[in-house]
Amino acid sequence: MKQVRKQYLVSLGLSVLIAMLLGAALMLLTGHNPIEAYGIMFSGALGSMTDLGDTLYKSTQLAITGLATAVASQSGIFNVGGEGQMYLGALASAWLGALLKGTSPWLAIPACLCIAGLAGALWALIPALLKVKLKINEVITTILMNTIALKFCSYMSNGPLKTTERGINQGTQSISKAFRFASIDLFSGSNLTTAVVLIVFIILLVWYMMNRTTTGFEMKLTGQNESFARFSGLSAARLAVLGMLISGAMCGLLGMFETFGVQRRFRMDFSSEFYFDGMLVAMIMQYKPLGIVLMSFFFGILMTGGQRMQYIGVSSELVEIIQSFIIFLMAAESGLLGKVSRALTGGAAKKQEVKT
Amino acid sequence: MDLGAIFNLSTLMNTINTATIVVLAGLGCLMTDQAGMMCIGIDGMMTAGAFAAVIGSWLCSSWIMGLVFALAVGLLLGGFYGLFVIRYKSDEFIIGVALNIFAVAITTFLLRSIPGQSGSFHPATGAVVKLPSFSIAGSNVSIMVPLSWLLVALTWLLVYRTPLGFWLHASGEHPESLRSVGRSPERMKYLGSLACGLFCGLSGAYLSLGYLSTFTENMSASQGYVAVACVIFGRSNPVYVFLAALLFGFIDAAGQRMQGIVDPTLTATFPYIGTILMMVILAVRYTAMKKKRA
Amino acid sequence: MSQAETVISFRHITMAFPGVVANDDVSLDIRKGEVFALVGENGAGKSTLMKVLYGMNEPTEGEVWVRGQQVRHFSPANAIGMGIGMVHQHFMLVPSFTVAQNVVLGDEPRKGLFCDFAKARQTVEDLVKEYGLKVEPDDRIEDISVGLQQRVEILKALRRGADILILDEPTAVLTPQETDELFAVIRRIVAEKQMTIIIITHKLGEVMAISDRVGVMRAGKLVGVCETADVSERILASMMVGKEVLLDAIERADSGEDGVAIEVEGLRVRDSRGLEAVRGVSLTVRRGEILGIAGVEGNGQSELLEAITGLRPIESGRVSILGKRADGLSPKAIRALGLSHVPEDRIATGVSVKADVTDNLIVGKERRREFSALGIHMKRGPIREYAKKVFERFDIRAAGLDTAVGSMSGGNMQKVVVAREFSFDTPVLIISQPTRGVDIGAMDFIHQQIVEKRNAGCAILLVSADLDELYRLSDRMVTIYEGEITGEFKPEDIPKTEISYYMTGGRKEARA
């Protein structure tokens, strides 16, 4: 087991390295200096407290979306629809937030948290039910439902829920000051708000659920072998649906954190496909919670710094390219890097075993 | 509501135009489906194809070169998909989804890097040559439309009438049976992946050069996933897939005609809702059929 | 006959796979126009050797000569070119294609670019006429019986011009009538067409009935080749097993428990294809008793057990466990009545290969008070301790408790399943194929555990394809054929040869 884990880490390291080299090659091809660009990337992500704040902001975002993917995947259902769930959570909370304007934040914030989670979970419930009841492929339904949710949110925020504030031409009513997640002084100027406390709390809670509770254990078994789970007397379908509900609720909540934090209102452009970035991290780390959290920090650096690379004309999409390269390299692990990493971790012993 | 406003010539043209995008991609997905793989990555292949078509047409001032570029990129990505799924036995959904994200990222990256543009590609008017089109009853019709119909027929013939089509299907349904008669199922699967890439390249070229001459970021707008749904709905039969694509195109066009009554952003969701409903209907019917048989 | 020319010659074939040597220095000559039977137990290396001949395996060492020419290139295409055809145990047919399409697959007659269907159909009809193997060219494979599917396989080989035909366990899936028909076909094509037939089997009766010569394999080695006329089933059997492995008798004791624990009445169940697989089965198992179900695989045993344990819906009939109705309940609810289950396919349903030993041992018990607080928080300490105890008690051999079950041997994997299910300590046990693919040491251990459970008063329903196992363990046996119970016996009252008569459709006179 240890041998396998070590091998995995080595091939992960190699994949990251090769992917970054490929990214560098791409920059060379498009006439940029990769050393300069990567330099800017790292200093832009870690150079000041503000930068660090942004990096932490991005990392927690990746971690929560990554874990949302993982919760669903571990119970055997692939949630590609987190983006839509997040938008609906954001919109629902923005609507309720505006409605409850003037009431106590002790009432309003929990209520908004609830409705955001609920909106995300319910939107995720549809593909989950279609999957377990009718065996309809959830990858396709969740993707299509993303488009539906986004168009719906666009309609609502430009129509019925459009702000009436003067001088603002997009988004819903602004969230009243009393409800907002404030920015943190230590990281002033960054996007990091007090919502980070809630995000970390959710991450810990989900991690605990997945690794230390009976339900998490049963969900994992369902994802690993559904007929074994059924055979053992577990309600496999119910567990898969539960995984999807939790995943959807997490996405919905993140939508609210964005709306009540950085954005201060629902805006159609609040996310640049956050969910997919987190999903990629989860895929790279094979849906292992701890690995996702650690990898999120690494990609938080890449993505935050990646934004700074735009100053020298390198598009921030480079980070997503590097991410997908890593997935391809890891997916081909058996063929491409397997040999190398086996050699590096002393896999020679294994060969002898084969001969006897 | 005046039904005449919905069912008219322009709705028909819109139906056909949208359906053409989906059916071309659908034929690609069908080639992998026949060979026992479900290529979710067609959305990315379309995006990349659309981008390559615009670049090719722009660089060489020729739509033919646009088409060649799109086909070449499609072939490359199809081979790439095949390599991972067939050779390395990677999870086809993970590779498909990663391919889609990769395609959007790399096209956006290149778009911003090469011509120094962002959002969409709009060089001087006339610099990008569109695919040829002809005019019927005052409407412009791209040559890709009749070509796609021809391809539906050819694919049908290939799948149901030629040895190659049988081998392709056998490599998906029971690969060992093909191997035992001395034919390589892997080769067939590669063929399916490459053909998938070619069809998606065509679909992409039509997307960017059919009526427009621009490429915008994330241009496929998940229509690749719709195509996958059509293949499932059409049970991998080219003719049924074509009909499913037409249905999708019609819902899309009818939605556009209803824009006077319903907000256009909302009508834009109709085809996607329609696609999901289509899959639900099929699944319900299938379960009912199985119950009956039992 | 003895002067006939040699068509195939294996010379010192060794075939090594990672971890196993499937063929060890095998040399064998096959003569033209003979029916050669290759016998041996499961895993003796028969199929591996034939796959070498058919080009699906490239031997690690050694040479194959066909009609005086050395085989240089190992591939099915090449084997077909040399006139070798193989009918695999698992048919190589595309279910959704027609008979004709399957017969010509890979080498279709063409008309221009297209497949010439008329000609394909004609080809099949010609073959049917020539060899007397009746099939309908336009039927779909998925709609025809297994016996007919086998004919299609044979026709496929014949169409390719095969005059050497390898049949891998051809009768495993056939009814007795179908077996007779197959043998008639074999005799005819050998007599009329001078074909050479190699038949792989482990049924000695069939060897005596059909073959001219017989080769016996054991543990990868060819231990002997004889003229069939010179040997008896008894001699062959002893050659197959080598020294008879005698397992010690297991001590039986009376637990004093009595009363009916499992009661099945008029049970009807459909299989996954919607066909009736269990047709009105009734049986009872009392506490402190092992009831063995004997039958050729595929006669409804799997469906019967799945129905009793709630994994498969019941058409009609009644199941009671310990006096409580169990039909229509979920697997979970049935387990709660006091039943545990060792399934026939451990990898598909018995374990999670990705999870470690501890996880696999704890499944189903994780909500017990000693393993989780409030049924939520899992107590890792007690779980580990418990797993360690079970691990040691059931003598599971693995690097440790955190070893992924998928990396363990079949025998140890099976011990994990048995350990988990047996330690539920339920009064009812449903056990299917407890020792399939398990080495002899682990087998003996598992047998001991089963009898111990019986002695402690459990009611055990046992299904096995291994007659020796059933004889060793059962207190009572019933035979099942095509979803119906065909007889009930005490193992000591009936010899194995006679019971197989009931397993293949013979019927005991109705008992009062």
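A brief structural summary. (Residues numbered from 1 in each chain as written. Chains lettered and ligands numbered in written order. Predicted model: local features only at pLDDT ≥ 70, side-chain atom pairs only at ≥ 80, totals over all residues. Heavy atoms only, no water.)

1. Concerning a negative patch on the surface
Stated precisely, the cut-off is as follows: Patches here: salt-bridge-free residues with over 30% relative accessible area, like charges joined within 9 Å, nonpolar side chains (Val, Leu, Ile, Met, Phe, Trp, Tyr) joined within 5 Å. Values of accessible area rely on a 1.4 Å probe in the Shrake-Rupley scheme; residue burial ignores everything except the protein chains shown. In what follows, salt bridge is the name for a side-chain nitrogen of Lys or Arg lying within 4 Å of a carboxyl oxygen of Asp or Glu. For the purpose of charge, His is not counted, nor are the chain termini; Lys and Arg are scored as positive and Asp and Glu as negative. Where a charge lies is defined by one atom per residue type, namely NZ (Lys), CZ (Arg), CG (Asp) and CD (Glu). Strands here mean DSSP runs of E at least two residues long; helices mean DSSP runs of H or I at least four residues long; both are numbered from the N terminus. The buried label goes to any residue with under 20% of its type's maximum accessible area, the exposed label to any with over 50%, and the partly exposed label to all in between, with areas taken from a 1.4 Å probe on protein chains only.
On the surface, B:Glu173, C:Asp139, C:Glu142 and C:Asp143 cluster together into a negatively charged patch. Along the chain, B:Glu173 turns up in helix α7 (residues 163–173). Judged by its relative accessible area of 30%, B:Glu173 falls in the partly exposed class.

2. Regarding the sheet that holds strand β22 (residues 459–463) of chain C
All names here are of chain C. Going by this rule: What makes two strands pair is DSSP finding at least two bridges between them. With axes taken as lines fitted to C-alpha atoms, and helix axes fitted only over the stretch in contact, angles between N-to-C directions fall between 0 and 180 degrees. Contact criterion: two residues are considered in contact whenever any of their non-hydrogen atoms come within 4.5 Å of each other.
With mixed pairing, the six strands of this open sheet are ordered in space as β18-β21-β22-β15-β23-β24. Whereas interior strands pair on both sides, the edge strands pair on one side only; in this sheet they are β18 (339–342) and β24 (484–489). Strand-to-strand twist of the sheet, defined as the mean angle between neighbouring strand axes without regard to direction, takes the value 20°. Inspection of the sheet shows strand β23 (residues 476–481) paired to β24 by five bridges, in the antiparallel sense. Following the sheet pairing, methionine 477 is matched in β24 by phenylalanine 489. Helix-sheet contacts for helix α14 (residues 410–422) involve β18 and β21 (428–432), and the interaxial angle to β18 is about 175°.

3. A word on the nonpolar core
Side chains of a nonpolar character, in soluble globular proteins, are inclined to be buried together. What counts is decided by this rule: In plain words, nonpolar cores are sets of buried Ala, Val, Leu, Ile, Met, Phe, Trp, Tyr and Cys residues tied together by side-chain atoms within 4.5 Å.
Ranked by internal contacts, the top residues of the largest apolar core, which has 238 residues, are A:Phe257, A:Met279 and B:Ile42. For A:Met279, the residues in contact, after removing those within four places along its chain, are A:Thr69, A:Phe78, A:Asn79, A:Val80, B:Val97 and B:Ile101. With 45 residues, the next largest nonpolar core counts C:Leu93, C:Leu133, C:Leu158 and C:Val231 among its residues.

4. A word on the packing of helix α3 (residues 42–60) of chain B against helix α10 (residues 223–233) of chain B
All names here are of chain B. Heads up, the rule is: Any angle from 65 to 115 degrees is called roughly perpendicular, while one under 35 is roughly parallel, one over 145 is roughly antiparallel, and all others are oblique. Left-handed is the label given to a crossing in which the near helix is rotated counterclockwise from the far helix by less than a right angle, and right-handed is the label when the rotation is clockwise. Nonpolar residues are Ala, Val, Leu, Ile, Met, Phe, Trp, Tyr, Cys and Pro. Charged residues are Asp, Glu, Lys and Arg, and all others, Gly as well, are polar.
Packing of α3 against α10 brings their axes to within 7 Å, and their N-to-C directions diverge by 135°. By the angle between their directions, the pair α3 and α10 is classed as oblique. Both α3 and α10 take part in a crossing whose hand is right-handed. Here Ile42, Asp43 and Met46 of α3 come into contact with α10, specifically with Gln223, Gly224, Tyr225, Ala227 and Val228. Considered class by class, the residues forming the contact of α3 with α10 number five nonpolar, two polar and one charged.

5. Focus on the sheet that holds strand β1 (residues 6–17) of chain C
All names here are of chain C. Read from one edge of the open sheet, four strands run β2-β1-β4-β5, paired in antiparallel fashion. Looking along the sheet, the strands with just one partner apiece sit at the ends: β2 (20–31) and β5 (69–70). Across two bridges, strand β4 (residues 61–66) lies against β5 in antiparallel orientation. The residue bridging valine 66 from the neighbouring strand is glutamine 69, located in β5. Across the sheet, helix α1 (residues 46–53) lies against β1, β2 and β4, angled at about 120° from β1, the strand it touches most.

6. Describing the packing of aromatic side chains
Threshold: Stacked, edge-to-face and tilted labels apply to pairs of Phe, Tyr and Trp rings (six-membered ring for Trp) whose centres lie within 6.5 Å, assigned for plane angles under 30 degrees, over 60, and everything in between, in that order. For a ring to carry a charge above it, either NZ of a lysine or CZ of an arginine must fall within 6 Å of the ring centroid while also lying within 35 degrees of the normal to the ring plane.
Enumeration according to the criterion identifies 22 aromatic pairs over all chains in this entry. On the numbers, 5.5 Å between centres and 70° between planes, the contact of A:Phe298 with A:Phe299 is edge-to-face. A residue is classified by how much of its surface remains accessible, and A:Phe298, at 22% relative accessible area, is partly exposed. Exposure remark for A:Phe299: the relative accessible area of 0% places this residue in the buried category. Stacked on the ring of C:Tyr131, the Lys or Arg C:Lys193 has its end atom at 5.2 Å from the ring centre. Cation over ring: C:Lys415 sits above C:Phe445, and NZ or CZ is 5.2 Å from the ring centre.

7. Describing the interface of chain B and chain A
Defined as follows: Buried area: the accessible surface (1.4 Å probe) lost by two parts on joining, summed over both. Pairing of N or O atoms within 3.5 Å defines a polar contact, subject to two protein rules: one partner must be a possible hydrogen donor and the other a possible acceptor, and residues neighboring in sequence count only if both atoms are side-chain atoms.
Counting residues at the interface gives 41 residues for chain B and 42 residues for chain A. Roughly 3600 Å² is buried in total at the junction of chain B and chain A, and carbon and sulfur atoms are behind 84% of that figure. Across the chain B-chain A interface, the total number found is one salt bridge. Residue A:Glu317 pairs with B:Arg112 through a salt bridge whose shortest N-O separation is 3.1 Å. At the junction of chain B with chain A, the criterion picks out one residue pair in polar contact (both at pLDDT 80 or more).

8. Description of the interface of chain C and chain A
With 33 residues of chain C in contact, the opposing surface of chain A contributes 22 residues. When chain C packs against chain A, close to 2400 Å² is buried across both sides, 56% of that on carbon and sulfur atoms. Counting every contact that joins chain C to chain A gives two salt bridges. For A:Glu218, the salt bridge is made with C:Arg367, and the minimal N-O distance between the two is 2.9 Å. At the boundary of chain C with chain A, the tally comes to 14 residue pairs in polar contact (both at pLDDT 80 or more). Those elements that place two or more of their residues in the side of chain C that touches chain A are α10 (331–336), α11 (346–350), α12 (357–362), β20 (377–378) and α14 of chain C. The element contributing the most residues to the side of chain C that touches chain A is α11(C), with four residues.

Shape is all these values report; function is a separate question.
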